[in-house]
Amino acid sequence: MSITETHFRKSVSNLKPPSSGQYIQADWDLAYGKISPTDDDTRLYEAAKWIASEYAELSKKYPSPAFGSLDSEWATILAVAILNRDHRIAEKLRDEVAKERRDDPIYSMDAFSGLRIEGNNGQHFTTTDFAESSTDLTENWLFDALKVSGSSAPPEDLTTFGVAAGKFYSFRKLLSTLWNQAWFDAWYFDLDKDGATIWMPSDPDAMILDQSWLQRQQTNLMNYPYIDISIWPSLSPSQRRKRSRLRAVTSVRRTENSVLARVSSAQYLSSRPPVYTIERSGLEGSFIADFLDVDMPNAKGVTVAHLLSAWHLILDIAHGLSRVTKLPQTISPKDAQEIALTVPEGTLVQAIAEGIPVDAVTAKKIVEFLTFEIKTSKNQKGNRGLWSAPLVKIPNCNDYLLPLPALETSNPLRKAEAWMEKGGIDDSNPIAARGEKYEEIYRARIRQAVIDNRYFKTASVAEHGVKKTKDFGEQIDLLVAFGGICLVGEVKLLLMPADPFEKARYDGKLKSAATQAKRKTQLLQTRPDVAAKALGIAVESAKSLRYIPIVIPAQDYGFSTKVDDVLIVEASFLKLYLSGGDLVVGRAIQKGSSRAIDRTIQYYQTEAQAGQKFESEASAPYVLKRIKERFEWSSTPIPTIAHSEAYMAVPIFGDVTGIERQKARSLISRLSNGQSEFRRR
């Protein structure tokens, strides 16, 4: 949401936040006392005091560092061990929830990602939520671990250290999350009749929309993979290998001093495609497709395709080791090493070299590329922490640790984008610039969609956009005329923001893009000759068009909203709209049978209708509306030290209900009548 800058916010913007040990309450009091506060100022000030009081009690309760007397090596091992242990417990809880709901006859395809589990203290969350939070807090733990000097033998029982550090970093992560929500999204707290603290967003609708964008992005990522999912059961093992990896780590064995990984031909006996195939298909259906096999300027001989294959070879090893590693009640040093999935560098290099295949030098380069580094001013580019570099090197030795949550749940688009940035495939490199190439590819796809649209008779797309010249001082990414309107598009290679800081940057980029789109549109309206030449139409026809500025992000962030009166239209939606085909607005599946069927709608039947309905459909798209309507507000308890009781409002994404559920039942009934292209798997 858009935050209004006030004198108070400006005054405290350079002060240490309340989730930091360097926070000084007196400085905040002074800034607050100097102004006539708005309601938002007061809420922010009170939020800072609440969080600061919790942090102060946290610092009193736990030692620094929280992992006690452990040296850097063992603090690092224990960090990943606790992460993996908690992740495996969360997955077990999720599977139990899914088992309890196995008799529910209908699910929408995207409802599975919203399946929630409940912790011991009543908190409820998705396994993805848990993986994200626990992985982020582990990075903080690793940062502190690397600052420890000296070396000492670990105690025989690491449980106490692990529990204490886990609670400390988890609570510190919670306070950081609360503060980011308060600062960036205007969250605030109130007290209920019993005196409990309730944290909530000041604009619930904006948060639901934000969650809807994220949910749609996750659903869109499955568009290409679902083709593989639907045909996979009918493929032979050899055909499956051609659509996936030829080789995989097929067995893993831990010996006394090493880990032996066998790489051989993958069997693919399951009726469901492996995760690698799904992720690869997702990338092939995105802008990443055109960069998969591009050599990286900063890592010669390495490509995104290599890194994705290596990632899943490492995941093979992680899964193989996890299957034979039990979770004990107490954690000894040997237990910690095994739960943290300790692997020698040589095993990783060998598995990658044989599995991709590449030579040993390139395999070692890939291991280094995927090795986690603490962020510094020198290595920020492409550094998404464990989410893009999941190999944690143990200090002072050549063994690595494998964090399961990052390996299993990292968003494929986000990690591929990070790899490209780190590898030098970005707009700072004129040889491998992403932005311009993406614009060119997207423009070509829009042009083809318009050409193939059976309803369009006079529509036109500027094949090369509009180039900046001495005669016309603006460059226009996308120009499309149909049904009496002309879209003047500013194309931006923006994904879904990964955190509040990135979200704030994206807001600034959308605002800048909207300003550009509006300025270019205003100029183009005075130069119908330029529009006519680019579109290949008569000048009189160009004069009759109504010009509409739009910003087109690669993913959903901002979709359907307006920034400075400029409409934000997600790239895939615009392509679908201009294609004239039926739009898939939902996919119903039947639990247990894996049978599925799509529900579609048609937006228009003539070119004139397409032009007339564009703004209203893009401003309130049904593809978002059906997602938004499935969110319900609930609350989850959060731990406190300085306060008696506290809860946080959470939006819960559920399965289809009401009319949508009736429609899903109707679709499912068609499956049993043989009317779907998808068959039982």
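These numbers come from a predicted model, not from an experiment.

### Describing the packing of aromatic side chains
On inspection of all chains with the given rule, the structure shows 30 aromatic pairs. Ring geometry for F8 and W28: centres 6.1 Å apart, planes at 75°, overall edge-to-face. With F8 in helix α1 (residues 7-12) and W28 in helix α2 (residues 25-33), this residue pair connects regions lying 20 residues apart in the sequence. Classification of W28 by relative accessible area gives buried; the value is 1%. Each ring, one from F8 and one from Y45, has its centre 6.3 Å from the other, and the planes form 85°; the classification is edge-to-face. Of this pair, F8 sits in helix α1 while Y45 sits in helix α3 (residues 39-61), and the two are 37 residues apart along the sequence. On the basis of relative accessibility, which here comes to 0%, the residue F8 falls in the buried class. Sitting above the plane of the W183 ring, R9 keeps its charged end 3.9 Å from the centroid. Above the ring of F369, the side-chain terminus of K422 is found at 4.6 Å from the ring centroid.

### Let's talk about the sheet that holds strand β11 (residues 460-461)
Strand order in the open sheet formed by 6 strands is β11-β12-β13-β14-β16-β15, with mixed pairing between adjacent strands. The open sheet has two edge strands, β11 and β15 (562-563), and neither has a second partner. Where strand β13 (residues 485-492) and strand β14 (residues 546-553) come together, 8 bridges link them in parallel fashion. Bridged to V491 within β14 is I552. Docked against the sheet, helix α17 (residues 434-452) engages β11, β12 (478-482), β13 and β14, running at close to 10° with respect to β12.

### Here's the deal with the packing of helix α11 (residues 304-323) against helix α13 (residues 345-355)
As a packed pair, α11 and α13 sit with axes 10 Å apart at the nearest point and diverge in direction by 125°. With respect to α13, the element α11 is oriented oblique. Crossing geometry of α11 relative to α13 is assigned as right-handed. Residue-level contacts link A310, L313, I314 and I317 of α11 to L348, A351, I352 and G355 of α13. Looking at the contact of α11 with α13 residue by residue, the classes come out as 7 nonpolar, 1 polar and no charged.

Analysis parameters
- Residues numbered from 1 in each chain as written.
- Predicted model: local features only at pLDDT ≥ 70, side-chain atom pairs only at ≥ 80, totals over all residues.
- Heavy atoms only, no water.
- Phe/Tyr/Trp six-rings, centres within 6.5 Å; stacked < 30°, edge-to-face > 60°.
- Helix = DSSP H or I, 4+ residues; strand = E, 2+ residues; numbered from the N terminus.
- Buried < 20%, exposed > 50% of the residue type's maximum accessible area, 1.4 Å probe, protein only.
- Lys NZ or Arg CZ within 6 Å of the ring centre and 35° of its normal.
- Pairing = 2+ DSSP bridges.
- Contact = heavy atoms within 4.5 Å.
- Axes fitted to C-alpha atoms, helices over the stretch in contact; angles between N-to-C directions.
- Parallel < 35°, antiparallel > 145°, perpendicular 65-115°, else oblique.
- Left-handed = near helix turned anticlockwise from the far one by under 90°.
- Nonpolar A, V, L, I, M, F, W, Y, C, P; charged D, E, K, R; others polar.

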